[in-house]
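# Inside the fold
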Amino acid sequence: MSVSAGKRVLVTGASGFVGAHIACGLTNAGFDLIALAGQRAVPEEVAATGAKVFKADLSDPLQVSAIFKSECPEVVVHVAALANAGVCEKDPALAERCNVAAVKNIVAAVNTLASPPTLIQFSTDLVFDGNAQASKGGFTEADEPEPCSIYGKSKRAGEQIILEETANGVVLRASLVYGRAIGGQEGFLGWIRSGLSSKRSVTLFADEWRTPILVDDITRAVIALVSRSTANPESG
């Protein structure tokens, strides 16, 4: 029997670019998907999988707790976030609510379950400030995070909650995700293409070395982690 058969996986941010791709990938791999969306509905591609879909405000602990108690996921993939760094700088309270309070609520809900699920938390390369001397090839998991932006600080705070307050927590850091459109969203390259095609200025960086990643590669990595977690709950 496939390790994925009947395994219940909850994905937050399933209405977003990365979350929607992961949600579709998990259902294609045979997992039983629970998709959480925010204000925006999930894309047609996610709805067509037959997944159970909830709209939820992750900053509301009662909503989060109710969903987790009713669905009892075996693995949680937390993708939802306020990922617009500019908005985070302008509204630190909103960044705190979306990127820190939401994580606290998810962790609290996970820890009340009889069999706490593995919790996979998406984060960012911007937990590093780039000023320190990185090892050859860039920063690694062994390097000490030192975020300098509101966005990076909020995501680092979320990482710490996951790693310190869960028994089976995993953090995945991604940078500049690109790939095929889903639900009208195209990721990093789509944002650039949209700006250029409409003859708008596209503001980018001139002093950063970053590593773009294909969303399909992220999806494959998540499926591998989820499979490992469900095959051996002690391996998280």
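Residues numbered from 1 in each chain as written. Predicted model: local features only at pLDDT ≥ 70, side-chain atom pairs only at ≥ 80, totals over all residues. Heavy atoms only, no water.

### Things to note about the packing of helix 3 (residues 61-71) against helix 5 (residues 92-112)
Here is the rule: To define axes, lines are fitted to C-alpha atoms, for helices over the stretch in contact only, and angles between the resulting N-to-C directions are given on a 0 to 180 degree scale. The helix and strand labels rest on DSSP assignments: H or I over at least four residues marks a helix, E over at least two residues marks a strand, and numbering proceeds from the N terminus. Crossing handedness is read from the near helix: turned anticlockwise from the far helix by less than a right angle, it gives a left-handed crossing, and turned clockwise, a right-handed one. Contacts are residue-level and defined by heavy atoms, with any inter-residue pair within 4.5 Å sufficient. Charged residues are taken to be Asp, Glu, Lys and Arg, nonpolar residues to be Ala, Val, Leu, Ile, Met, Phe, Trp, Tyr, Cys and Pro, and polar residues to be all remaining types, Gly included.
Between helix 3 and helix 5, the least distance of the axes is 9 Å, while the angle of their chain directions is 35°. The handedness of the crossing between helix 3 and helix 5 is right-handed. Contact residues: Pro61, Val64, Ser65, Phe68 and Lys69 in helix 3; Asn105, Ile106, Ala109, Val110 and Thr112 in helix 5. Looking at the contact of helix 3 with helix 5 residue by residue, the class counts come to six nonpolar, three polar and one charged.

### Points about unusual backbone geometry
Put simply, the test is: When accessible area is computed with a 1.4 Å probe and restricted to protein chains, residues below 20% of their type maximum are described as buried, those above 50% as exposed, and intermediate ones as partly exposed.
The residue Cys72 is not glycine, and still its phi comes out positive at about 45°. Along the chain, Cys72 falls in the loop between helix 3 and strand 4 (75-78). Exposure remark for Cys72: the relative accessible area of 42% places this residue in the partly exposed category. Its identity is not glycine, yet Lys199 carries a phi of approximately 60°, on the positive side. Its location among the elements puts Lys199 in the loop between helix 7 (187-197) and strand 9 (213-214).

### Some details on the layout of surface pockets
Heads up, the rule is: Using only the protein atoms, space was sampled on a 1 Å grid; points where a 1.4 Å probe fits but cannot get out form cavities, open sets with protein on both sides within 12 Å along at least five of seven lines form pockets, and lining residues are those with an atom within 4 Å of a point. Grid points are joined across faces, edges and corners, and a volume is the space filled by probe spheres set on the points.
Its boundaries defined by the atoms lining it, the largest pocket holds a volume of some 1,900 Å³. Around the largest pocket, the lining comprises 47 residues; the ones closest to its centre are Ala81, Leu82, Ala83, Asn84 and Tyr151. Counting only elements with at least two residues in the lining of the largest pocket, the list comes to helix 1 (17-28), strand 2 (32-37), helix 5, strand 5 (118-124), helix 6 (150-165) and helix 7. Ranked by residue count, the leading element in the lining of the largest pocket is helix 5, at four residues. Its residues assigned to classes, the lining of the largest pocket shows 26 nonpolar, 15 polar and six charged. One number sums up the size of the second largest pocket: a volume of about 1,100 Å³. In this structure, the second largest pocket is lined by 31 residues; those nearest its centre are Asp125, Leu126, Phe128, Phe139 and Trp209. Elements with a contribution of two residues or more to the lining of the second largest pocket: helix 6 and strand 6 (169-174). With four residues, strand 6 is the largest single contributor of residues to the lining of the second largest pocket. For the lining of the second largest pocket, the residue count by class is 13 nonpolar, nine polar and nine charged.

### A closer look at the environment of Val103
Within the element layout of this structure, Val103 appears in helix 5. Spatially, the C-alpha atoms of Val103 and Ala81 are 9.4 Å apart, while their sequence positions differ by 22 residues. Leaving out residues up to four positions away in the same chain, Val103 has contacts with His78, Gln121, Gly158, Ile161 and Ile162.

### Description of the packing of helix 5 against helix 6
For any two helices packed against each other, one specifies the inter-axial angle together with the distance between the axes. Rules: To sort the angles, those under 35 degrees are grouped as roughly parallel, those over 145 as roughly antiparallel, those from 65 to 115 as roughly perpendicular, and the leftovers as oblique.
Two numbers describe how helix 5 lies on helix 6: the axes approach to 9 Å, and their chain directions differ by 10°. Classed by the angle they form, the pair helix 5 and helix 6 counts as roughly parallel. On helix 6, the residues touching Pro92, Ala95, Asn99, Val100, Val103, Lys104, Val107 and Asn111 of helix 5 are Ile150, Tyr151, Ser154, Lys155, Ala157, Gly158, Ile161, Ile162 and Glu165. Along the lines of polarity and charge, the residues of the contact of helix 5 with helix 6 split into 10 nonpolar, four polar and three charged.

### Side note on helix 3
Our working rule: Arc, as used here, means the arc of the directions from the helix axis to the C-beta atoms.
For helix 3, the full list of buried residues reads Val64, Ile67, Phe68 and Glu71. One side of helix 3 holds all its buried residues, which, seen down the axis, span an arc of 95°. Those residues of helix 3 that are exposed and aimed more than 90 degrees away from the buried face are Leu62 and Lys69. Tucked into the core, helix 3 has its buried residues touching strand 1 (8-12), strand 2, strand 3 (52-55), strand 4 and helix 5. Just downstream of helix 3, Cys72 is the residue with a positive phi angle, here 45°.

By themselves, these observations are geometric and do not establish any function.
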